[in-house]
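# Working through the structure, step by step
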Amino acid sequence: MSIYQKFGVRKVINGSGKMTILGASAVQPEIAEALGAAAMDYVVMEELMVAAGQKIAIATGTEDGCPTAGAAPGIAIAVAAVIAGTDLSKIERLPNSDGLKNEIILQKGHVVNFGAPVAQMITLGGGRVIEAGQANHVEACHIKEAITEKTAALFYVKSHHAVQKGMQSIETMAAIAKKYNLPFIIDAAAEGDLKKYAAAGADIVIYSGGKALGGPTSGFICGRANFMKACRKQYKGIGRAMKVGKEGIIGLLTALKLYECQVDDSKLQIERMTWLINQFDKTSGIKGEIVQDEAGRAIYRANLTINPEITSKDAYQIIKELEEGNPAIYTRNYYANLGIISIDPRPLLKRQEEVIAMRIKEIIKEK
Ligand SMILES: *Cc1c(COP(=O)(O)O)cnc(C)c1O
């Protein structure tokens with residue numbers, strides 16, 4: 001029985017990916033042990049924060065870091081840090097930033113929702129969101145023209161949620177920030193490359209601990225030492241409303257450690273997903289195919305194309321019944337409009353592909 005069932009909620013089989021709505025990541029045993037050990041003991045929190053900053057610095061190739069409760073709090077804290085610095089009086093009055101340099105410039109196509117609005121997290125940190133250009137078209141001059149004596153930072157969202165075409169590159173944003181002597185912040189919440197964005201010229205980079213890293217609910221900020229010191233100090237201000245616990249920090253650091261020696265499990269993914277698609281023969285109305293991740297990452301998913309004339313249920317109906325069952329089964333549904341149900345092998349626990357195959361067979365049998 002899963003721990004969640006003990007508390008009266010359904011067991012979930014996650015074939016969709018690292019989804020916040022399903023609790024992001026299920027951590028490896030080593031991380032779970034670290035979380036437990038950290039929770040059962042005491043530490044001087046400030047010492048832990050500083051030590052964590054050093055570990056984060058090494059993992060990211062930056063000067064220093066700051067652990068957070070997630071990437072969303074990371075946005076608010078990073079913005080607060082560029083506005084208030086280490087000045088306690090300013091830190092204590094945020095998010096009221098009247099009279100301070102508080103304007104945060106984003107390209108309009110980056111003002112997105114990742115589950116909550118990026119702009120709202122910036123506002124929580126005392127920032128005033130300034131949108132440059134149009135939703136599908138931003139020129140470098142739009143960004144330069146948005147800069148005033150109140151500008152606190154340039155902000156870039158590296159994400160599939162952001163508009164991909166018609167935006168200015170990280171390199172261009174970094175060059176403008178440098179020219180105008182402004183801090184450049186990148187939200188790289190779900191990215192797997194921990195070094196790339198600081199190397200590309202960002203002064204501050206924000207990551208989620210629970211996404212690509214596979215850690216517990218947590219996150220971190222990394223970058224230039226003066227900003228990281230300021231980020232940690234925001235825990236005396238707005239950061240207190242979004243604080244990360246000692247167990248979250250230790251879980252994050254353990255995840256970082258494991259991430260460095262991560263092995264490529266492509267072969268196992270392909271094996272499991274091949275087994276899954278082989279469960280559906282020609283007459284079933286389900287045609288399976290192994291497809292590599294659109295962004296070229298080492299993820300090999302099973303795409304099941306539903307022929308509703310044979311199955312009598314279309315992809316949407318099957319998805320609905322999978323989610324409503326017990327255990328609840330969640331699949332990746334970005335192409336459901338094309339009749340495709342995708343299964344992501346990464347979050348599946350041992351032999352759960354068997355439960356998925358069995359349940360889909362059941363659903364298409366019940367007319
Ligand atoms: C997921 C995400 C966040 C929030 O990350 P959490 O760790 O869940 O707080 C912020 N920005 C982007 C672009 C995201 O994808």
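Within each chain, residue numbers correspond to sequence positions counted from 1 in written order. Only residues with pLDDT of at least 70 are given local features in this predicted model, and only at 80 or more are side-chain atom pairs given and counted; all residues enter the totals for whole chains, interfaces and linings. Here the side-chain values reflect all heavy atoms present in the structure, with hydrogen atoms and water set aside.

Selection criterion: UniProt positions are given in the numbering used here, feature names are shortened, and annotations may be inferred rather than shown by experiment.
Per an unreviewed UniProt entry, the recorded name for the chain is L-seryl-trna selenium transferase, and the organism is Lucifera butyrica. Of the comments in the UniProt record for the chain, the one headed Sequence similarities (unreviewed entry) reads "Belongs to the SelA family." Recorded in UniProt for the chain, the comment headed Cofactor (unreviewed entry) runs: "pyridoxal 5'-phosphate".

## Considerations on the overall build of the chain
So the rule is basically this: Labels follow the DSSP assignment, with helices taken as runs of H or I lasting at least four residues and strands as runs of E lasting at least two, numbered in each case from the N terminus. To get the radius of gyration, use the C-alpha atoms; to get the globule rule, take the number of residues to the power 0.38 and multiply by 2.2 Å. Each residue's exposure class comes from its accessible area (1.4 Å probe, protein chains only) as a fraction of the maximum for that residue type: buried when under 20%, exposed when over 50%, partly exposed otherwise. Contacts are assigned to residue pairs with any non-hydrogen atoms lying within 4.5 Å of each other. Surface accessibility in these figures is a Shrake-Rupley result with a 1.4 Å probe; residues are shielded only by whichever protein chains are displayed. By the counting rule applied here, Lys and Arg register as positive and Asp and Glu as negative, while His and the ends of each chain are not counted. Every charge is mapped to an atom, namely NZ of Lys, CZ of Arg, CG of Asp or CD of Glu.
Looking only at helices and strands, one finds 15 helices and 12 strands in the chain. Against the compact-globule benchmark of 21 Å for 367 residues, the chain has a radius of gyration of 22 Å, which places it among compact chains. Based on the C-alpha atoms only, the size of the chain along its principal axes is roughly 70 × 50 × 35 Å. With 367 residues in all, the chain has 50% of them scored as buried. Pairs at least 24 residues apart make up 71% of the contacts formed inside the chain by residues separated by at least 6 positions. Summing over all exposed atoms, the chain offers an accessible surface of approximately 18200 Å²; the carbon and sulfur share of this is 53%. Across the chain, the centroid of the 44 positively charged side chains sits 1 Å from that of the 39 negatively charged ones.

## Some remarks on unusual backbone geometry
Backbone torsion omega between Leu94 and Pro95 reads 10°, so that peptide bond is classified as cis. Looking at where Pro95 falls in the secondary structure, it is placed in the loop between helix H5 (88-93) and strand E3 (103-107). Residue Pro327 follows Asn326 across a cis peptide bond; omega there is 0°. The backbone of Ala24 shows a phi angle near 65°, a positive value even though the residue is not glycine. When you line up the elements, Ala24 lands in the loop between strand E1 (12-15) and helix H2 (29-39). Positive phi, normally seen in glycine, also occurs at Asn181, with a value near 60°.

## What about the domain arrangement of the chain?
To be explicit about the condition: Domain start and stop points were drawn from an automatic or database domain assignment.
The domain architecture assigned to the chain consists of domain 1 (5-18 + 263-365) and domain 2 (42-259). With centres defined by C-alpha atoms, the gap from domain 1 to domain 2 works out at 35 Å.

## Observations concerning the site of the ligand
What counts is decided by this rule: The criterion for a residue being near a molecule or strand is simple. One of its heavy atoms has to lie within 4 Å of it. Gly is put with the polar residues, along with every residue not named as nonpolar or charged; the nonpolar set is Ala, Val, Leu, Ile, Met, Phe, Trp, Tyr, Cys and Pro, and the charged set is Asp, Glu, Lys and Arg.
The local shell around the ligand consists of Gly70, Ala71, Ala72, Pro73, Phe114, Val157, Ser159, His161, Asp187, Ala189, Ser208 and Lys211. Computed on the free molecule, the ligand has an accessible area of 380 Å², of which 89% lies beneath the protein chains in the complex. The element best represented in the shell around the ligand is helix H4 (residues 71-84), accounting for three residues. Along the lines of polarity and charge, the residues of the shell around the ligand split into six nonpolar, four polar and two charged.

## A few points about the environment of Leu304
Structurally, Leu304 is set in strand E10 (residues 300-306). Residue classification places Leu304 among the buried positions, given a relative accessible area of 0%. For the pair Leu304 and Val244, spaced 60 residues apart in sequence, the C-alpha separation works out to 40 Å. Not counting residues up to four positions away in its chain, the partners in contact with Leu304 are Ile277, Phe280, Ile286, Lys287, Gly288, Gly339, Ile340, Ile341, Ile343 and Ile360.

## Structural notes on the pairing of strand E8 (residues 219-223)
Short version of the rule: Pairing between strands requires that DSSP locate at least two bridges from one strand to the other.
Judged by how many residues are buried, E8 sits mostly within the fold: five of five residues are covered. Neither face of E8 is exposed, since Gly219, Ile221 and Gly223 on one face and Phe220 and Cys222 on the opposite face are all buried. Relative to E8, strand E2 (residues 64-68) runs antiparallel, the two being bridged by five bridges. Looking at E8, one finds that Gly65 is bridged to Cys222.

## Structural notes on the environment of Met273
Structurally, the position occupied by Met273 is in helix H12 (residues 266-277). With 59 residues separating them in the primary sequence, Met273 and Gly214 have C-alpha atoms 21 Å apart. Not counting chain neighbours up to four residues away, the residues in contact with Met273 comprise Ile290, Tyr300, Arg301, Ala302, Ile343, Pro345, Leu348 and Glu353.

## Here's the deal with the side chain of His110
Of note, His110 is situated in the loop between E3 and helix H6 (118-124). A relative accessible area of 2% places His110 in the buried class. In this structure, His110 is in contact with Tyr156, Val157, Ala162, Val163 and Met167, ignoring residues within four places of it in sequence.

## What about the pairing of strand E5 (residues 151-157)?
Along any regular strand, the residues point their side chains to alternate faces of the sheet. Put simply, the rule is: Call a crossover right-handed when, viewed with both strands pointing away from you, the route from the first strand across the helix to the second goes clockwise.
With respect to burial, E5 is a largely interior element, seven of its seven residues being buried. Summarising the sheet, E3 and E5 pair through four bridges and their orientation is parallel. What sits directly across from Ile104, in E5, is Ala153. Judged from the four bridges that link them, E5 and strand E6 (residues 184-187) form a sheet pairing that is parallel. Bridged to Phe155 within E6 is Ile185. Running through helix H8 (residues 170-179), the crossover from E5 to the neighbouring parallel element E6 is right-handed.

## Let's talk about a nonpolar patch on the surface
Under the convention used in this document: To count toward a patch, a residue needs a relative accessible area over 30% and no salt bridge; like charges are then connected within 9 Å, while nonpolar side chains (Val, Leu, Ile, Met, Phe, Trp, Tyr) are connected within 5 Å. Only one rule defines a salt bridge in this text: a Lys or Arg side-chain nitrogen within 4 Å of an Asp or Glu carboxyl oxygen.
A contiguous nonpolar patch, built from Ile3, Tyr4, Phe7 and Val9 and spanning about 500 Å² of accessible area, is present on the exposed surface. Within the secondary structure, Ile3 is located in helix H1 (residues 3-6).

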